[in-house]
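Working through the structure, step by step
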Amino acid sequence: MGSKWRRVKLSLGLNLCAYLPRTTDGDDDGDYHPLPSSERLSDAALLPPSNWENMVRCRTTTPLPSSHCLRLPKSLSKSSSKSSKQTCSICLMKMKQGDGHAIFTAECSHSFHFHCVASHDNQVCPVCRSKWKEIPIRSPGLDPGGWSRNDALMDVAHRLPVPQRNLNQWHIRGPEPGVFNDDESLDHLPVVAESNNTLDNTSDTTIKIETYPEVSTAPRSHSYDDFTILVHLKAAVMAAIRNPSLSGGQVNLLQSRSPRAPVDLVTVLDISGSMSGTKLALLKRAMGFLIQNLGCNDRLSVIAFSSNARRLFPLRRMSDIGQQQALRAVNSVIANGGTNIAEGLRKGAKVMEDRTEKNPVSSIILLSDGQDTVNGVRPNSSYPNYGSLVPISIRSGDNREFQIPVHTFGFGTDHDASLMHSISEISGGTFSFIETETMIQDALAQCIGGLLSVVVQELQVCVECMNPNLCLSSLKAGSYRSYVSADGKTGLIDVGDLYADEERDFLVSVKVPAESSQCETSLLKVKCVYSDPLTKEMTSTESGVVRIQRPKIAGQEEVSIEVDRQRNRFRAADAMVEARTAAEQGDLAGAVSILENCQRVLSETVSAKSRDRLWVALDAELKEMEERMVSRHVYEVSGRAYILSGLSSHSWQRATTRGDSTDGSSLVQAYQTPSMVEMLTQSQAFLLSSPSTQGLLQSLWSQPKPR
């Protein structure tokens, strides 16, 4: 019964959590956009611990147990009629006269903090979108974001006095240079101890290699056209240290490796009209969390785009002053205009191209809730020209000197998931689907948890046949580029970066002939060649030779469960691709049938019979995709984005945020690294300790619910 009721709600386009009414007002970018009061919420992490007993178990965007659906606490319910009038819709904090907070009431009768309106820089009400004739004059000494002084986010912004002339130095309306070669110098990077590793050193343990043949024994008389060997790689774990500032001496993995590889990060942020109100406030808060968690050797640049794109902030180190200035730049933006994703991405790439120095790790983060309304791209058409929107310089290809992955985040129901996924695939990044806007911060936290823990770069996996009678038939490597030599004796997989404790699994298929007299057959060996991100020294690690026994007579041997579970992963990913193709052609019933057939095949495997964790997760994920294809409306709203974020995760074997997730067994957890989990935990703790975020929750809940 529960499953049927859930399908009915999905077919009606309903979320499983709390709902708030939508309006039909639009803005100047021509799209439908809900107002701040219409945002829906399914985030328990915003409530203080005292309200945890009111939580109701529900699907989560992240695997952390602290995100659930909520019942409205009685204390909030009683005051719901008042809180909408007591909350500023710009900063989402309570409005209280006195205590240094002046209140401004606009011509439309909506009230705001005086300092929030003064920094709003727009004569359009963020609540009702009516035009104002007058707004308070901006004072350069005002806090642009209007955040509470006791909010943990703004502790950094108020920690040190900043010269008045620097406050708006990189405001969105300031002058922008033609060449972005004003990046801050890396003169003060820490000195790294020299490594004794050389290219031929096989004792290095940064990469661990394990190999598993599908069976360990095969009769001599048998030949195989498609004998499978699993190649399993695992990067080194970051050595953990105890952080006394964390409760109970908790291990902080993100401060463990000294020094870690510093990052050059460019964030490209959508500030179009559809982002006004709650969405923009949540995005600013997420950016505040990101800024606080970058180190003094990491550098950040911020690009904002609507109808056009501007560089808000140059590539600067996140020292105390750098963090202050970055926070002020982010908090100063307002939402209006159309959506020019291509121009935002071009500006982000230009920052990377023009910089005079480079940190070891580089990445671009792109966030948008809408569709490109400027460049003539038809969303979800049969032949969209998505590749034209990606600058040549950041495309993943043979240019190893300049390859910048773009990690894309599409949130809400109106973004172009196909475009965002294509950008990430072309550049070598990941695509995350943030179904509920309140989870923006968690999604960013997971991503930067990985970026701040890179331990391997330029990784290439070399496979070599060890028997003259053998040859490779295929390499299954997902989205990673792979090659097989013309004679079939060698193969190569181009992997790139690995985060600490990250794993990769590849399936190598070989043609194995029958043996006339040998008792064993040597198959292949694996060699990994990679560079240290700090020293740039090349290192290699080799596996032993993979062999199988060849007796005259051998009984039936069960397939290795390690090989079987990875076969299942590739089967499921292939089924997702086929189902998506059918769905895009309008055949939703055929798409569901493809997924159901895949489930049946997987249910008969060795992994299913042993209740393997990966099989359980794949089965749950396939069911979730089927439910998101119950109607065309549901597929357009969430099904397409959910499938594409899942495909992105499987093809790169890297964690992404996927809608509301399925349940505790979700494959969302499968690719997470300890540093990602640690950053997610910090994000949840940050939200719980933030008074202004609790104010946001009360503001959202103060609106009447549909009957």
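Throughout this document, residue positions are counted from 1 along each chain, in the order its sequence is written. Totals for whole chains, interfaces and linings use every residue, but because this is a predicted model, local features are given only for residues with pLDDT of at least 70 and side-chain atom pairs only at 80 or more, for both listing and counting. The basis for every side-chain value is the complete set of non-hydrogen atoms in the structure, without hydrogens or water.

Observations regarding the overall build of the protein chain
Note on conventions: DSSP H or I runs of at least 4 residues are helices, E runs of at least 2 residues are strands, and numbering of each starts at the N terminus. A count of helices and strands for the protein chain gives 17 helices and 20 strands. By residue count, 58% of the 707 residues in the protein chain fall in the buried class. In short, Shrake-Rupley with a 1.4 Å probe defines the accessible areas, and a residue's cover is counted only from the protein chains shown. In the form shown here, the protein chain has an accessible surface area of approximately 28,400 Å², with 50% of it arising from carbon and sulfur atoms. Partly exposed residues are those whose accessible area sits between 20% and 50% of the maximum for their type, while under 20% is buried and over 50% is exposed, using a 1.4 Å probe and protein chains only.

Focus: the packing of aromatic side chains
Pairing of aromatic side chains requires ring centres within 6.5 Å, counting the rings of Phe and Tyr and the six-membered ring of Trp. Pairs whose planes differ by under 30 degrees are stacked, by over 60 edge-to-face, and all others tilted. Scanning all chains against the criterion turns up three aromatic pairs. Aromatic pair Tyr480 and Phe506: ring centres 6.0 Å apart, planes at 90°, arrangement edge-to-face. Placement of the pair is Tyr480 in the loop between β14 (471-476) and β15 (481-484) and Phe506 in strand β17 (residues 503-512), with a sequence separation of 26 residues. Across the pair, Phe506 and Tyr480 agree in class, each one buried. The interplanar angle of 85° and the centroid separation of 5.0 Å between the aromatic rings of Tyr480 and Trp652 together place this pair among those described as edge-to-face. Of the two residues, Tyr480 sits in the loop between β14 and β15 while Trp652 sits in helix α15 (residues 632-652), which places them 172 residues apart along the sequence. The pair Tyr480 / Trp652 is uniform in exposure class, with both members buried. Positioned above the aromatic ring of Phe570, the side-chain terminus of Arg569 is 4.5 Å from the ring centre. Each ring is checked for a lysine NZ or an arginine CZ that lies within 6 Å of its centre and within 35 degrees of its normal; such an atom marks a charge sitting over the ring.

Looking at the side chain of His421
Mapped onto the fold, His421 is located in helix α9 (residues 417-427). For His421, a relative accessible area of 12% translates into the label buried. Note on definitions: a residue-residue contact is assigned when non-hydrogen atoms from the two residues lie within 4.5 Å. Residues contacting His421, with those up to four places away along its chain left out, are Thr408, Phe431, Leu644 and Ser648.

Comments concerning α9
In terms of residue burial, α9 counts as a mostly covered element, since nine of its eleven residues are buried. Those residues of α9 lying buried are Ala417, Ser418, Leu419, Met420, His421, Ser422, Ile423, Ser424 and Ser427. Those residues of α9 that are buried lie in contact with α8 (341-354), β10 (361-368), β11 (406-411), β12 (431-434), α11 (561-584) and α15. For the purposes of these results, a polar contact is taken to be a pair of N or O atoms within 3.5 Å, where, inside protein, one atom must be able to donate a hydrogen and its partner to accept one; residues adjacent in sequence count only when each atom of the pair is a side-chain atom. The N-cap of α9, judged by a side-chain oxygen 3.3 Å from the amide nitrogen of Ser418 a few residues on, is Asp416. Directly beyond the C-terminal end of α9, a positive phi value near 90° is found at Gly428.

Some words on the pairing of strand β8 (residues 299-305)
For β8, the buried fraction is high: seven of the seven residues fall into the buried class. Because side chains alternate across β8, one face comprises the buried residues Arg299, Ser301, Ile303 and Phe305, and the other comprises Leu300, Val302 and Ala304, equally buried. Where strand β7 (residues 263-270) lies against β8, seven bridges are found, and the strand directions are parallel. For Asp264, the partnering residue across the bridge sits in β8 and is Arg299. Call a crossover right-handed when, viewed with both strands pointing away from you, the route from the first strand across the helix to the second goes clockwise. For the handedness criterion, the β-α-β arrangement of β7, helix α6 (residues 278-292) and β8 is classed as right-handed. Paired strands, in this sense, are two strands between which DSSP finds at least two bridges. As paired elements, β8 and strand β9 (residues 309-317) share six bridges and run antiparallel to each other. When the bridges of β9 are listed, Arg299 appears paired with Arg317. Between the end of β8 and the start of β9, which pair antiparallel, lie three residues.

Things to note about the sheet that holds β14
A sheet is described by the order of its strands in space; here four strands give the open sequence β5-β6-β17-β14, paired in antiparallel fashion. Bordering the open sheet on either side are β5 (207-213) and β14, each of which pairs with just one other strand. Taking each pair of neighbouring strands and ignoring which way they run, the sheet shows an average axis angle of 25°. For β5 and strand β6 (residues 224-235), the ladder comprises seven bridges, and the chain directions are antiparallel. Paired with Ile209 across the bridge in β6 is Leu233. Fitted lines through C-alpha atoms serve as axes, helices being fitted only where they are in contact, and the angles separating the N-to-C directions of these axes extend from 0 to 180 degrees. Here α11 sits on the sheet and contacts β5, β6, β14 and β17; the angle it forms with β17, its principal contact strand, is near 100°.

Some points on the packing of α11 against helix α14 (residues 613-627)
When two helices pack together, their arrangement is given by the angle between the helix axes and by the axis-to-axis distance. In contact at an axis separation of 10 Å, α11 and α14 are set at 10° when each is read in the N-to-C sense. By the angle class used here, α11 and α14 are roughly parallel. On α14, the residues that touch Arg565, Gln566, Asn568, Arg569, Ala572 and Met576 of α11 are Leu614, Trp615, Leu618, Glu621, Leu622 and Met625. Gly falls in the polar group here, along with every residue not listed as nonpolar (Ala, Val, Leu, Ile, Met, Phe, Trp, Tyr, Cys, Pro) or charged (Asp, Glu, Lys, Arg). Classifying every residue of the contact of α11 with α14 by side-chain character gives seven nonpolar, two polar and three charged. Roughly parallel means an angle under 35 degrees; roughly antiparallel means over 145; roughly perpendicular covers 65 to 115; every other angle is labelled oblique.

Focus: helix α16 (residues 674-688)
Since the α-helix turns once every 3.6 residues, residues separated by three or four places project in the same direction. For α16, with 15 residues, the first-to-last C-alpha span of 21 Å sits near the 21 Å given by 1.5 Å per residue. If you check which residues of α16 are buried, you get Ser675, Met676, Glu678, Met679, Leu680, Ser683, Gln684, Phe686, Leu687 and Leu688. Multiplying 1.5 Å by the residue count of a helix minus one yields the expected span of that helix.

A word on the nonpolar core
What makes a nonpolar core is a set of buried Ala, Val, Leu, Ile, Met, Phe, Trp, Tyr and Cys residues whose side-chain atoms join them at distances within 4.5 Å. Within the largest apolar cluster, 52 residues are counted, with the highest numbers of intra-cluster contacts made by Ile364, Leu366, Ile394, Ile423 and Met629. Both of domain 2 (263-377 + 386-455) and domain 3 (563-652) provide at least three residues apiece to this core. How far each domain reaches was decided by an automatic or database domain assignment.

Describing the pattern of salt bridges
Salt bridge, as used here, is a side-chain nitrogen of Lys or Arg placed within 4 Å of a carboxyl oxygen of Asp or Glu. Applying the stated criterion across every chain yields a total of 30 salt bridges. A network of salt bridges, in which partner residues are shared, links Glu176, Arg310, Glu343, Arg346 and Lys347.

Brief notes about the environment of Phe305
In this structure, Phe305 sits in strand β8. Residue Phe305 is classed as buried on the basis of its relative accessible area of 0%. For the pair Phe305 and Ser368, spaced 63 residues apart in sequence, the C-alpha separation works out to 9.5 Å. Discounting residues that sit within four places of it in the chain, Phe305 has contacts with Val268, Leu269, Asp270, Ile271, Ser272, Thr339, Asn340, Ile341, Gly344, Leu366, Leu367 and Ser368.

With respect to the confidence of the model for the protein chain
For the protein chain, the average pLDDT comes to 76, and 67% of its residues sit at 70 or higher. Across residues 700-707 the pLDDT falls below 50, and counting only partners more than four positions away or on other chains, this stretch makes 24 contacts in the model. The pLDDT value tells you how sure the predictor is about a given residue, anywhere from 0 up to 100.

With respect to unusual backbone geometry
Phi at Glu458 is positive, roughly 55°, even though this residue is not glycine. Looking at the secondary structure, you find Glu458 in strand β13 (residues 454-465). Overall, Glu458 belongs to the partly exposed group, its relative accessible area being 40%. For Lys536, which is not a glycine, the phi torsion comes out positive at approximately 65°. Structurally, Lys536 is set in the loop between β18 (520-531) and β19 (538-542). The partly exposed category is assigned to Lys536, whose relative accessible area is 44%.

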